[in-house]
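# Results of the structural survey
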Amino acid sequence: MKLSDVVAFMGHQVHVCRYREAGTLLAWMGRNLDGKRVLDVAGGDGYWAGQARKRGAHAVSIDLARKKMLYGRTLAHPPALIECDALRLPFGEGSFDAILSVCAIEHFDDGGRSLDEMARVLRPGGEIFMSADVLSRADAWPKLRDAHKAKYHVQHTYTHETLGKLMDERGLDLVRHSYQFRTPAAERLYLSLSTYGGRVGFNAAAPLAPLVALTDRRAPNERGSIVLIHARKRA
């Protein structure tokens, strides 16, 4: 394994939430993706799209972060990496069977426009697997909330209801959803790590991931820091 793959693995998978978050979305997508056309919207270095490629997909990752994408080309299983705007995708209608997007939509100025584009390039019957910041209880800790939003350029937050409504307007039906960091303590942990630890903090807190997953299973699937969405385009 190349050094770049080790670094990417540590950055993406040794993480308090990203491994479970992206791992769940990929599990919903399926283990066998032979021949499927998969697009990762705002995929950074393309690591997660690369995981879809390892499962047999024809994977494409788009982003505007050129430095990350250049790094992604050094990985062992890189997807096709295309520098472009998520609000103006350079693909024809129905070009993809599945779309992946890991905590990206909250950073867009116009989340609805990004969903317009995802729906346009998705074939009828195709599926979207995405996550988004919710921060259900963030108003209880305004300093942590504001610091998180400023550090990660969070423009909007979403629940499964608000995303479901936006998707319904674009011919997409919500199939299932799941919240992560569901309890007040877990939500505060998420915001504290973001504010005081940043990316390094999220990685260093990886040993807490099983505990967070356990508390999530015991809490109602109604709120949390991150929401995972699975939707399907109407035929």
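The protein carries the name Methyltransferase type 11 domain-containing protein in an unreviewed UniProt entry, which gives Actinomadura fulvescens as its organism.

### Let's talk about the overall build of the protein
Along the protein, the regular secondary structure elements total nine helices and seven strands. Its C-alpha atoms give the protein a radius of gyration of 17 Å, within 12% of the compact-globule value 18 Å for 235 residues. When the backbone C-alpha atoms are referred to their principal axes, the protein occupies close to 45 × 45 × 30 Å. Long-range pairs, those at least 24 residues apart, make up 76% of the contacts in the protein between residues at least 6 apart in sequence. As displayed, the protein offers around 10800 Å² of accessible surface, 55% of which is attributable to carbon and sulfur atoms. Charged side chains in the protein number 34 positive and 26 negative. The centres of these two groups are separated by 5 Å.

### Digging into the UniProt feature "domain: Methyltransferase type" (unreviewed entry) in the protein
Under the feature "domain: Methyltransferase type" (unreviewed entry), the UniProt entry names residues 39–129. For residues 39–129, the end-to-end C-alpha separation is 10 Å, with 29% helix and 30% strand making up the annotated structure.

### Some thoughts on helix α9 (residues 209–218)
Of the positions making up α9, those classed as buried are Ala 209, Val 212, Ala 213 and Asp 216. Looking straight down α9, one finds its buried side chains confined to an arc of 100°; they lie on one side. With respect to the buried face of α9, the exposed residues turned more than 90 degrees away are Pro 210 and Arg 218.

### Observations concerning the pattern of salt bridges
Within this structure, the stated rule accounts for 16 salt bridges. When the shortest N-O distance is used, the salt bridge between Arg 123 and Asp 97 registers 2.6 Å. Highlighted residues: Arg 123 in strand β5 (residues 122–133) and Asp 97 in strand β4 (residues 96–101), separated in sequence by 26 residues. Several salt bridges share partner residues, and in doing so they unite Asp 116, Lys 165, Glu 169 and Arg 170 into one network.

### Considering unusual backbone geometry
Not every positive phi belongs to a glycine, and Ala 42 is a case in point at roughly 60°. Tracing the backbone shows Ala 42 in the loop between β1 (37–41) and α3 (47–54). Of the residues examined, Ala 42 reaches a relative accessible area of 26% and is grouped as partly exposed. At Leu 135, a residue that is not glycine, the phi angle is positive and equals roughly 55°. Checked against the element boundaries, Leu 135 lands in the loop between β5 and α6 (142–151). A relative accessible area of 5% places Leu 135 in the buried class.

### Digging into the packing of aromatic side chains
For any pair of aromatic rings, geometry is given as the distance between the ring centres together with the angle between the planes. Summed over all chains, the structure comprises five aromatic pairs. Residues Phe 91 and Phe 96 carry aromatic rings whose centres are separated by 5.0 Å and whose planes lie at 85° to one another, so their mutual orientation is edge-to-face. Of the two residues examined, Phe 91 and Phe 96, each falls in the buried class. Ring plane angle 40° and centroid distance 5.5 Å describe the contact between Tyr 190 and Phe 202, whose orientation is recorded as tilted. Taken as a pair, Tyr 190 and Phe 202 share a single burial class, namely buried.

### Some thoughts on the layout of surface pockets
Of the pockets and cavities examined, the largest pocket occupies roughly 1300 Å³. Lining the largest pocket are 41 residues, with Arg 18, Ala 42, Gly 44, Lys 68 and Arg 199 positioned closest to its centre. Elements represented by at least two residues in the lining of the largest pocket include exactly α1 (3–12), β2 (58–63), α4 (66–72), α6 and α8 (184–204). Tallied by class, the residues present in the lining of the largest pocket amount to 20 nonpolar, nine polar and twelve charged.

### So, the pairing of β4
Most of β4 is tucked away, with six of its six residues classed as buried. Both β1 and β4 contribute to a ladder of three bridges, which runs parallel. Looking at β4, one finds that Val 38 is bridged to Ala 98. Direction of pairing for β4 relative to β5: parallel, over a ladder of five bridges. Residue pairing in the sheet places Leu 100 in a bridge with Phe 129 of β5.

### Remarks on the environment of Cys 103
Topologically, Cys 103 is positioned in the loop between β4 and α5 (111–121). The class of Cys 103 is buried, set by a relative accessible area of 7%. Ignoring sequence-local partners within four residues, the contact set of Cys 103 consists of Arg 18, Glu 21, Ser 131, Ala 132, Asp 133 and Ile 226.

Definitions and limits used
- Residues numbered from 1 in each chain as written.
- Predicted model: local features only at pLDDT ≥ 70, side-chain atom pairs only at ≥ 80, totals over all residues.
- Heavy atoms only, no water.
- Helix = DSSP H or I, 4+ residues; strand = E, 2+ residues; numbered from the N terminus.
- Rg over C-alpha atoms; globule rule 2.2 N^0.38 Å.
- Contact = heavy atoms within 4.5 Å.
- Areas by Shrake-Rupley, 256 points an atom, 1.4 Å probe, with all protein chains shown as cover.
- Lys, Arg positive; Asp, Glu negative; His and termini not counted.
- Charge placed at Lys NZ, Arg CZ, Asp CG, Glu CD.
- UniProt positions renumbered as here; feature names shortened; annotations may be inferred.
- Buried < 20%, exposed > 50% of the residue type's maximum accessible area, 1.4 Å probe, protein only.
- Arc of directions from axis to C-beta.
- Salt bridge = Lys/Arg side-chain N within 4 Å of Asp/Glu carboxyl O.
- Phe/Tyr/Trp six-rings, centres within 6.5 Å; stacked < 30°, edge-to-face > 60°.
- 1 Å grid on protein atoms, 1.4 Å probe; cavity = no way out; pocket = protein on both sides within 12 Å on 5 of 7 lines; lining within 4 Å.
- Points joined across faces, edges and corners; volume = space filled by probe spheres on them.
- Nonpolar A, V, L, I, M, F, W, Y, C, P; charged D, E, K, R; others polar.
- Pairing = 2+ DSSP bridges.

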